[in-house]
Structures are given as C-alpha cells and as structure tokens.
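Structural characterization, general
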Amino acid sequence: MSRIATRFDALHREGRAGLVTFVTAADPDIETSAAILVGLAEAGADVIEIGMPFTDPMADGPAIQAASIRALAAGGSLTVTLDLVRRFRRSDNETPIVLMGYYNPIYHRGVATFLEEATEAGVDGLIVVDLPPEEDDELCLPAREAGLDFIRLATPTTDEKRLPAVLANTSGFLYYVSIAGITGTASAMASDVGAAVQRLKTSTDLPVAVGFGVKTPSQAASIARVADAVVVGSAIVDAIAKAPEGEAVNAAKTIVAALAKGVRDARKVAA
Amino acid sequence: MSERPNSFRNGPDERGRFGIFGGRFVAETLMPLILDLEKAWDDARKDPAFAAQIADLGTHYIGRPSPLYYAERLSDELGGARIYLKRDELNHTGSHKINNCIGQILLAMRMGKTRIIAETGAGQHGVATATVCARFGLPCVVYMGAKDIERQAPNVFRMRLLGAEVVPVTAGAGTLKDAMNEALRDWVANVENTYYLIGTAAGPHPYPAMVRDFQSVIGTETRTQILEMAGRLPDLVVAAVGGGSNAIGLFHPFLDDPSVAITGVEAGGEGLEGNLHCASLTAGSPGVLHGNRTYLLQDGDGQILEGHSISAGLDYPGIGPEHSWLKETGRVSYVPIGDEDALAAFQLLARTEGILPALEPAHALAHVADVAPTMGRDQIIVMNLCGRGDKDVHTVAAALDARVQKAN
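Looking only at helices and strands, chain B features 16 helices and 14 strands. Its C-alpha atoms give chain B a radius of gyration of 20 Å, near enough to 22 Å, the size a compact globule of 408 residues would have. In terms of overall dimensions, chain B has a C-alpha envelope of 55 × 50 × 45 Å along the principal axes. Residues counted as buried form 64% of the 408 residues belonging to chain B. Of all intrachain contacts in chain B linking residues separated by at least 6 positions in sequence, the fraction that spans at least 24 positions is 74%.

Remark on secondary structure: sheet strands pair via backbone hydrogen bonds, oriented parallel or antiparallel. Residues and elements named next belong to chain A. Strands sit in the order β5-β4-β3-β2-β1-β9-β8-β7-β6 across an open sheet of 9 strands; the sheet is parallel. Only two strands of the sheet have a single neighbouring strand rather than two, namely β5 (149–150) and β6 (153–154). Sheet analysis places strand β1 (residues 18–24) next to strand β2 (residues 47–51), joined by 5 bridges and oriented parallel. By the bridge assignment, T24 is partnered in β2 with G51.

For the rest of this paragraph, the subject is the packing of aromatic side chains. In the structure shown here, the tally under the stated rule is 13 aromatic pairs over all chains. Centre to centre, the rings of Y103(A) and Y107(A) are 5.5 Å apart; their planes meet at 50°, and the pair counts as tilted. Separated by 4 residues within a single helix, Y103(A) and Y107(A) lie in helix α5 (residues 103–109), roughly one turn from each other. With a relative accessible area of 21%, Y107(A) lands in the partly exposed category. Centroid distance F8(B) to W325(B): 5.9 Å. Interplanar angle 55°. Geometry classified as tilted. Here W325(B) lies in helix α13 (residues 321–329) and F8(B) lies in the segment before β1 (17–18), a separation of 317 residues in the sequence. With relative accessibility at 2%, the residue F8(B) sits in the buried group. Here a set of aromatic residues connected by ring pairs shows up, and it is made of Y103(A), Y107(A) and F25(B).

All names here are of chain B. Locating T200 in the fold gives a position in the loop between β8 (194–196) and α9 (207–215). Of the residues examined, T200 reaches a relative accessible area of 11% and is grouped as buried. A polar contact is formed between the side chain of T200 and the backbone nitrogen of G244, at a distance of 3.3 Å. There is a polar contact of 3.5 Å between the side chain of T200 and the backbone nitrogen of S245. Other than its neighbours up to four places away in sequence, T200 contacts K97, E119, V211, G243, G244 and S245.

To continue, consider the side chain of K177(B). Within the secondary structure layout, K177(B) lies in helix α8 (residues 176–189). Leave out the neighbours within four places in its chain, and K177(B) touches T55(A), D56(A), H290(B), I304(B), L305(B), E306(B), Y316(B) and P317(B).

Of all hydrophobic cores here, the largest spans 86 residues; its most connected members are Y175(A), L107(B), W187(B), Y195(B) and Y196(B). Both domain 1 (17–58 + 97–211) and domain 2 (65–94 + 216–407) of chain B contribute no fewer than three residues apiece to this core. The next biggest cluster of nonpolar side chains, apart from the first, holds 75 residues, and it includes L19(A), A25(A), L126(A) and Y176(A).

Moving on, we come to unusual backbone geometry. That bond from G11(B) to P12(B) is cis: its omega, 0°, falls within 30 degrees of zero. Along the chain, P12(B) falls in the segment before β1. Residue P206(B) follows H205(B) across a cis peptide bond; omega there is 15°. For P206(B), the position within the fold is in the loop between β8 and α9. Positive phi is not limited to glycine here, since A26(A) has a value of about 75°. Turning to its location among the elements, A26(A) is positioned in the loop between β1 and α2 (30–43). A residue is classified by how much of its surface remains accessible, and A26(A), at 0% relative accessible area, is buried. The phi dihedral of F212(A) is positive, around 80°, even though this residue is not glycine. Relative to the helices and strands, F212(A) resides in the loop between β8 (208–211) and α10 (217–224).

The subject of this paragraph is the interface of chain A and chain B. Listed by partner, the interface residues are 37 residues for chain A and 37 residues for chain B. Both sides together, the interface formed by chain A and chain B hides about 2,900 Å², and carbon and sulfur atoms give 50% of it. At the surface where chain A touches chain B, the tally comes to 7 salt bridges. Note that R15(B) is salt-bridged to D137(A), the shortest N-O span being 3.1 Å. At the junction of chain A with chain B, the criterion picks out 25 residue pairs in polar contact (both at pLDDT 80 or more). For the side of chain A that touches chain B, the secondary structure elements donating two or more residues are α3 (62–73), α4 (78–91) and α5 of chain A. Looking at the side of chain A that touches chain B element by element, the count peaks at 6 residues for α5(A). Across the side of chain A that touches chain B, the residue classes break down as 17 nonpolar, 11 polar and 9 charged.

All names here are of chain B. Within the element layout of this structure, S309 appears in the loop between β12 (291–296) and α13. S309 gets classed as buried once you look at its relative accessible area, which sits at 0%. In this structure, the C-alpha to C-alpha distance between S309 and I337, residues 28 residues apart in sequence, is 10.0 Å. Residue contacts for S309: discarding those within four places in its chain leaves R151, A267, C278, L314, D315, D339 and H363. Looking at S309, its side chain comes within polar contact range of the main-chain nitrogen of S311, at 2.9 Å.

Residues and elements named next belong to chain B. When cut into domains, chain B gives domain 1 (17–58 + 97–211) and domain 2 (65–94 + 216–407). Between the C-alpha centres of domain 1 and domain 2 the distance comes to 22 Å. Contact residues are listed per partner, giving 43 residues for domain 1 and 40 residues for domain 2. Where domain 1 abuts domain 2, roughly 3,100 Å² becomes buried across the two surfaces, and 58% of that area is made up of carbon and sulfur atoms. In this structure, the salt-bridge partner of K177 is E306, at a minimum N-O distance of 3.6 Å. Run the count over domain 1 and domain 2 and you get 9 residue pairs in polar contact (both at pLDDT 80 or more). When residues of the side of domain 1 that touches domain 2 are traced back to their parent elements, those giving at least two are β1, β2 (21–25), α4 (97–110), α5 (124–136), α6 (146–151), α7 (153–161), α8 and α9. Residue classes in the side of domain 1 that touches domain 2 are distributed as 19 nonpolar, 15 polar and 9 charged.

Cut-offs applied
- Residues numbered from 1 in each chain as written.
- Chains lettered and ligands numbered in written order.
- Predicted model: local features only at pLDDT ≥ 70, side-chain atom pairs only at ≥ 80, totals over all residues.
- Heavy atoms only, no water.
- Helix = DSSP H or I, 4+ residues; strand = E, 2+ residues; numbered from the N terminus.
- Rg over C-alpha atoms; globule rule 2.2 N^0.38 Å.
- Buried < 20%, exposed > 50% of the residue type's maximum accessible area, 1.4 Å probe, protein only.
- Contact = heavy atoms within 4.5 Å.
- Pairing = 2+ DSSP bridges.
- Phe/Tyr/Trp six-rings, centres within 6.5 Å; stacked < 30°, edge-to-face > 60°.
- Polar contact = N/O pair within 3.5 Å; in protein donor to acceptor, adjacent residues only side chain to side chain.
- Core = buried A, V, L, I, M, F, W, Y, C linked by side-chain atoms within 4.5 Å.
- Domains from an automatic or database assignment.
- Buried area = accessible area lost by both parts, 1.4 Å probe.
- Salt bridge = Lys/Arg side-chain N within 4 Å of Asp/Glu carboxyl O.
- Nonpolar A, V, L, I, M, F, W, Y, C, P; charged D, E, K, R; others polar.

Okay, here's the thing in structure tokens:
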C-alpha cells in the first residue's frame, strides 16, 4: 500500500482528520527548508505538500507567490526540490510527500525523467494545478503508471456533470478547494464545506482533504469535523516569511503544532 | 511534423490543439467556464445574427474595411518590391485590437456576463477593451504591469477616461506576463459573473482560435483589396508578432496560397545573445504557460524568463500556439528585429509616407526594409500596419535622445 493510503488508513482507525501542510521548497533558503520539512512532521503534519517553485504561480495568492520568488532567489529549482525530498526520506520513510506546482518545469525536464527521479527520491503524489482531466495523457496517466498518486482538485465550480471527469483518474485523496479563488484569501463557511464534502463522498471512496483559506487552529478544527483532512498552506508560508532571522523553523513548527492540536481535538470537542 | 497537412486552415482539433501546441492547461476552477465559453462561441459563430452585429459595428463603429494603401514613396526609397500597408492603425482606438474586443464583448453579453476583465501590455488592448465596455455599459478592470503603466502613460489615462479601473501589477518584472497572471487570478475568484477578454491569440482553447477568427477580418479584407488593386495575390505578407493576434489575422486567409510567402517578425530587443529580447519562436523552446503549450522564453529549469523589447506590445515571453505550429510546419518564417532597426523604421515611415507607425509594426517594417530591395519591382509585399505611433512618441523621443547623447 502507498504511503498516502497507509496514512489515511491509520487516521481513519484513530478516528480523526489529518493535517496536510504546504511549504515551498527552498523557502526561505535550501538548508532552512530541509530543516522545516523535518520540523513539520515532528510538529504533527500527517501529509507534507511541497511547492515546486515557479516564476508564474497563476493560481496562488500573494503569500505563496512571494514564497516562490524567495525560493527561486535562494537557488530553488526542480532539482533542489527533489534533493530536499531525498534528504527528508533519510530520516522519515512514512510521512507521505506530495509535490504541488505547475506543469512547465516538469514538462521542460521531460515527463519520463521527472517521474523516474520523483519516485526514486521518495515522492508519493503530485498535484499539478494547470493539468485538468482534459490533459490527463500529459502527466496524470504516466504518473499513475509509475506508481505515483495524482491528486486532483475539485472546486465549487465542479458540478455533477463535471465531477465524474475530475474523479476518473484521481488517486490518493481528493483535494476540495473550498472557495473559487486563489490560495490564501477568503475562507469558506464550515457548513458549506460539510455539505460539499458529503456530496463528493457519494461519488468517491477516496479521502477528501479540504483547503484554501484555512488559517487558524479553530478554522482547521471546524473543517476537521467534516472532512478527512485539512490543508493549510499560506498561513504556514506567512509564518516562515515573518519569522525573525534564524527563527523560520521554529515559527513553522509552532503554527503547525497549534494547527495539529486543533485538528486532533476537533472531533473530541464535537462528540 | 513529418507530413504536410492538406490545409493549414483546419486547426485547432477538438482538444484545442494545433499539432502539439495549444490545449487547455488551466486550473480546475476555470475548466467549466472554458467549456461553457467554447460552447457559446460554437453557437455564436454559426449564428448569422451574431455575424451581422459584428459587421454592423465594424462598419459604423470601428471604420472597416480599413484601407489597403500603396506606399509609393516608401517603395521608391527602398527600391525593390511594391509595398502595400494594411491600415488597421486607422481603426477606432488606433489599432487592430478593437476587432477582437467587439467580437468578445458581444459574446460575453450573450453568455450573460456582467463584468469584463482584461490584461494589457502596450495599453492598446486595454484601451480597446475599455472602449467596448463604455460602448456597452459594462464595468471594466484592466490589469497592467507597473513598468508598462510608466512607459505607456497616455494609454493609462485614456482607459481611465473611458471608465475602466486600471490595476497596476508589481509582481515579476511588471509587464504583460505578470498582468496576465493577475487577470487569471481575478477570473478564478469571480467566475460567476466575469468574462476574461484576452487580447491576443493565446491562452486556453478556445481563445487562440476565437481571437484569430475575430482578427481574420484583416486578412480577408486584404485578400479582396489586393486582388482589386493589383490583380493578383502578394508575394509576401509580413506582420509583427508579440502574442500574434494581428499576424494570425492577416496570415490565416493566405495560409493555403502556396505562392504567398509569409513572415512573422519578433522583437529581437538588444540582440539574441543575452536575455534582452522577446524572440520566443527564434530563441525559445516549447513549454506550457497561461493555458497553452507554445514556444516560450525559459531557463534550464523551465522557469519563465522576462522578455525585453522597446515595444511594450511585443514584450511577452510566449506566443500564440498556432504560430508555434506554423513555425514547426515551415509554413510561416519568423525572424527577429532589434530595437535599433525598429526605431529606424519608425522614422523611415514618418519621413516617406507621413505615417507614424506604432513600435510593434515598426518591427515588421524594418524587416520589409531589409527584404524589399532584394525583390523585383513587379513583386508585392503586404504589411500589416496594426497600430498607430502616437502612444510611442515619448518612448521614441527618449530612445533617440539617449542615442544622440551617447554619440556626443
């Protein structure tokens, strides 16, 4: 069983939702980023999403745009991202790692080469924002063939007619984007999210993770009551950006620990 | 591309592709909208009432057909082929951009959209969009790079006079690509009521084909006009390519005429050796950006490079996907022209014909000036004069001033 499936199985047995954390590779610099990844897992992240830096992050808000720019300025690249995964795997062979980003750096490297390197490095899944189901033969199908999960985003604009196409080749988990918009901006009402997750659950057995606009432990907790996992990105990336010199790792661990506590306590409070 | 297609005018295929180029590389939030747009466009293009509406506005609002003009003094000065200029700079708003804006705003209203957003580089598309929004009473938000706002101040003022909100984009280098990113971010957050009026023949399918069809009025008119004036088809047609909308509009009706050679002129900036140019077809490689696969300026890691050109309208690191395909099939040749030569051509046309071209078609003219002398007097070149130069007077003055100072 894949690391992602194993992790969601364990979460299910524990009766709690998971915390999926996002940071950008090489933000604020390569060494700090390596330490942050280890720190995320220690602080309670159940799944780690690593942003592959890109010059033109069209679906991202200001926080993750800025992280991409910092990462590229610090020497970040697809090669560096894969190296960071390899380093992380030396100390952690269980926490699933999902690479998230845009298609061009992968396409430019060559899909076959990339998939070989990613599986060898210990990547478990991919989220590629600008590859809808209509372009599945580009990367989704080859990735599945190579044993990687291809995680797709469902959004408030994904209606009943569209959902089967979105689900068709999705694996690992389904990422429900709770607002129509870019990352890190508005946040959705937990009640709306709950209804949307229920609707998705009637069409798929995959775990449903919910993200976009989740910033605080209490928001995370309210999502954790209705979804299989909560995704937090911009708030962590912001904490890294605002941390004083040398404090980025601690800042990331502090916010992730608080989010993890919110997520872990959520259903106890509800019960 | 091993086989020559039967026709160069059949693209794109049902996936929105021209060969391997084009496609729909967008976030899932936008996909339902892109599919709706495709359907709405398919319906509209078959509707005679829609075509009649466009034709009527073309005649009475834009001023179509634009003249085809035999540039006699320019031809004499260059001493070779006879040069005809397609005068799309005489359109309302001063460029070809209005052709596309009229078509798309009518489509947006058919779709029930109530808010228009656009990106702009030189400001010509922004002005054209603000104009049609004023004409039809729709709110308009134009995203424009901060650097472009600085170098195209008159167009910024025009857009504001027309009632548009101009939003400066400071991300990246603050040029057209960054403005397009920001417009996409707006769109994804406002999918319900907003129509994204893309200004060039690029972006996700169906935009490249749709913009081409709206701009093909240029080539269709030119074909009729040159047959009337010269009694035959031209030997060469030339246009500047930034995103490539004026060029594909001129080229498309001639693609299946084997006797017509076709050349697109890219911005060579300060030369192709470094990164200070925008010659994506000559010096770039295939990649995926802004919804389509096409030639891009990028580094070894697939990061997008900032282009450079004296012309804000050519300052884009990509190119419409159909041009990428036309390059690979060999049907169209693409050549770079640098800032210096474009400046010289700007002055040449002012001096010989009393016409100030925009800096974008000045690039095309510089190539015409290179090749016309190598051709016979019996040969014909048609060039698209896609914009007027009033907006560029300050840029040209500053560039010429700097060169005088350097020489002293």
